[in-house]
Amino acid sequence: MTSNVTAVSYGQNLTATGLEQLHAVLAAHGAAVGTVSRGGDDRFQVHTADLELADATAAGLAALRGAVAGSAIAGMDTALVPAGLRAAGRKLLIMDVDSTLIQQEVIELLAAYAGKRDEVAAVTEAAMRGELDFAQSLHARVAVLAGLPADVVHSVRDEVKLSEGAAELVAAFKAAGHRVAVVSGGFNQILEPIAADLGLDYWQANELEIVDGALTGKVLGAVVDRAAKEKYLREWSAAEGIALEHTIAVGDGANDLDMLGAAGIGVAFNAKPAVRAVADAAINMPYLDAVRHIAGV
């Protein structure tokens with residue numbers, strides 16, 4: 001058979017019963033299962049099945065994704081990936097930063113120094129659910145930082161922790177000759193050293209204004225919002241000569257939706273319900289490097 005789609009299933013406890021359920025759903029929707037392989041490690045397991053899908057158009061793939069998601073097999077998520085993306089010689093991985101590449105929301109760490117963490121966290125949650133305009137909410141959250149000494153930026157850098165598997169994911173893509181980018185509604189002052197340490201090819205975030213050694217409570221220039229994230233995906237993939245069909249976007253909040261929708265495959269990482277509902281695939285465990293298995297890297 002000629003495989004045109006790959007089903008990549010992953011979870012911390014894949015079961016034979018769950019995989020049988022998956023294969024039944026695939027068969028019921030016109031997908032013939034070919035070569036099957038297993039992978040993963042002591043953190044999570046991976047099951048990969050090459051498929052020949054009778055209707056491999058965007059509509060046919062979307063219908064199959066809906067059927068698989070609707071089956072709600074316990075302990076397992078499944079990404080349905082076009083074979084062309086997995087086989088591509090050059091790919092672009094683009095990721096959100098806060099709560100995706102890193103475990104925290106930087107604005108909340110900064111706000112803690114102003115005694116406003118809970119207040120800001122509530123606004124962040126609403127913005128990530130898509131209930132607030134992102135740019136307006138960012139300006140409101142940054143305003144509470146006015147007057148803080150610029151040194152808090154260095155303190156927050158020390159608090160930031162990469163998501164589990166993030167460094168391994170980036171290293172794997174880079175070693176295979178692919179490109180890795182991040183785009184963030186957070187701040188350049190925090191992202192810059194992270195990008196340097198990881199050897200990222202592209203990165204962009206907002207710039208906190210600092211005057212006379214203190215935060216002014218403002219950001220400089222246009223806010224990196226959901227439209228900007230998609231714009232950078234398109235710009236960077238074009239600059240590298242990588243087709244959008246060969247890009248993988250990963251994020252967790254409403255601010256990532258345009259980027260996830262424009263990429264070859266959009267992955268919701270421990271995401272808000274509104275994001276999981278529309279993303280092509282979802283990872284609901286703490287290991288970011290599961291993305292490698294989805295992308296075939």
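Placed above this text is the structure.
Let us look at the structure shown here. Chains are numbered independently. Their residues run from 1 in the order of the written sequence. Local features in this predicted model are restricted to residues whose pLDDT is 70 or higher, and side-chain atom pairs enter the listing and the counts only when it is 80 or higher, whereas totals over whole chains, interfaces and linings include all residues. Excluded from the side-chain calculations are hydrogens and water; all other atoms, namely the structure's heavy atoms, are used.

We define the nonpolar core as a collection of buried residues of types Ala, Val, Leu, Ile, Met, Phe, Trp, Tyr and Cys that are connected through side-chain atoms lying within 4.5 Å of one another. Each residue's exposure class comes from its accessible area (1.4 Å probe, protein chains only) as a fraction of the maximum for that residue type: buried when under 20%, exposed when over 50%, partly exposed otherwise. One finds Met 95 and Ile 248 to be the most contacted residues of the largest nonpolar core, which totals 62 residues. Here Met 95 is in contact with Leu 101, Leu 169, Val 170, Val 180, Ala 181, Val 182, Val 183, Val 250 and Leu 288, once residues within four sequence places are set aside. Counting residues in hydrophobic clusters, the runner-up holds 23 residues, among them Trp 236, Ala 262, Ala 268 and Ala 279. By definition, residues are in contact when any of their heavy atoms lie within 4.5 Å.

Let us look at the packing of aromatic side chains. Note on aromatic pairs: the rings of Phe, Tyr and Trp (six-membered ring only in Trp) are paired at centre separations within 6.5 Å, and the planes decide the class, stacked below 30 degrees, edge-to-face beyond 60, tilted for the rest. Here the structure, examined in full by the defined rule, presents three aromatic pairs. Measuring from ring centre to ring centre gives 5.2 Å for Tyr 202 and Trp 236, while their planes differ by 15°; the resulting arrangement is stacked. Of this pair, Tyr 202 sits in strand S7 (residues 202-211) while Trp 236 is found in helix H11 (residues 226-240), placing the two residues 34 residues apart along the sequence. Among the aromatic residues, ring-to-ring pairing joins Tyr 202, Tyr 232 and Trp 236 into one connected group. For Arg 43, the ring lying beneath its charged end belongs to Tyr 287, and the centroid distance is 4.9 Å. Charge-over-ring contacts are defined here by two conditions on Lys NZ or Arg CZ: a distance within 6 Å of the ring centre and an angle within 35 degrees of the ring normal. If you follow Lys 231 out to its NZ or CZ, it ends over the ring of Tyr 232, 3.9 Å from the centre. Helix and strand assignments come from DSSP, with helices taken as H or I runs of at least 4 residues and strands as E runs of at least 2, each series counted from the N terminus.

Under the convention used throughout, the expected extent of a helix is 1.5 Å for every residue step, that is, one less than its residue count. In this model helix H6 (residues 117-128) runs 16 Å from its N-terminal to its C-terminal C-alpha over 12 residues, within 8% of the 16 Å that 1.5 Å per residue would give. The complete set of buried residues in H6 reads Val 120, Ala 121, Thr 124, Ala 126, Ala 127 and Met 128. For H6, the secondary structure elements touched by its buried residues are helix H5 (106-112) and helix H7 (134-143). Directly after H6, the chain includes Gly 130, whose backbone phi takes a positive value near 85°.

Moving on, we come to H7. Taken as a whole, H7 has its buried residues at Phe 134, Ala 135, Ser 137, Leu 138, Arg 141 and Val 142. Each buried residue of H7 sits inside an arc of 160° when the element is viewed along its axis, so together they form one side. Looking at the buried residues of H7, the elements they touch are H5, H6, strand S6 (179-187), S7 and strand S8 (214-220). Contacts described as polar in this section are N or O atom pairs within 3.5 Å, which, within protein, must combine one atom able to donate a hydrogen with one able to accept it, while residues neighboring in sequence count only if both atoms come from side chains. Between the side-chain oxygen of the N-cap and the backbone nitrogen of Ala 135 there are 3.2 Å, and the N-cap of H7 in question is Asp 133. The reported arc concerns the directions from the helix axis to the C-beta atoms and nothing else.

Another point: empty space enclosed by the protein. Detection works on a 1 Å grid of protein atoms alone, calling trapped sets that fit a 1.4 Å probe cavities and calling open sets with protein on both sides within 12 Å along at least five of seven lines pockets, with lining residues defined by an atom within 4 Å of a point. Grid points are joined across faces, edges and corners, and a volume is the space filled by probe spheres set on the points. Counted according to the given criterion, the structure contains two cavities of 30 Å³ or more. Considered as a void within the structure, the largest cavity measures approximately 150 Å³ in volume. Around the largest cavity, the lining comprises 17 residues; the ones closest to its centre are Asp 98, Glu 105, Phe 134, Gly 185 and Gly 186. Where the lining of the largest cavity is concerned, the elements lending two or more residues are H6, H7 and S6. Considering every element that reaches the lining of the largest cavity, the biggest residue donor is S6, with four residues. Classifying every residue of the lining of the largest cavity gives five nonpolar, five polar and seven charged. What lines the second largest cavity is Val 97, Asp 98, Ile 102, Val 106, Ser 184, Gly 186, Phe 187, Ile 190 and Leu 191. Top element by residues in the lining of the second largest cavity is S6. It accounts for three residues. Think of it as three bins: nonpolar holds Ala, Val, Leu, Ile, Met, Phe, Trp, Tyr, Cys and Pro, charged holds Asp, Glu, Lys and Arg, and polar takes everything else, Gly as well.

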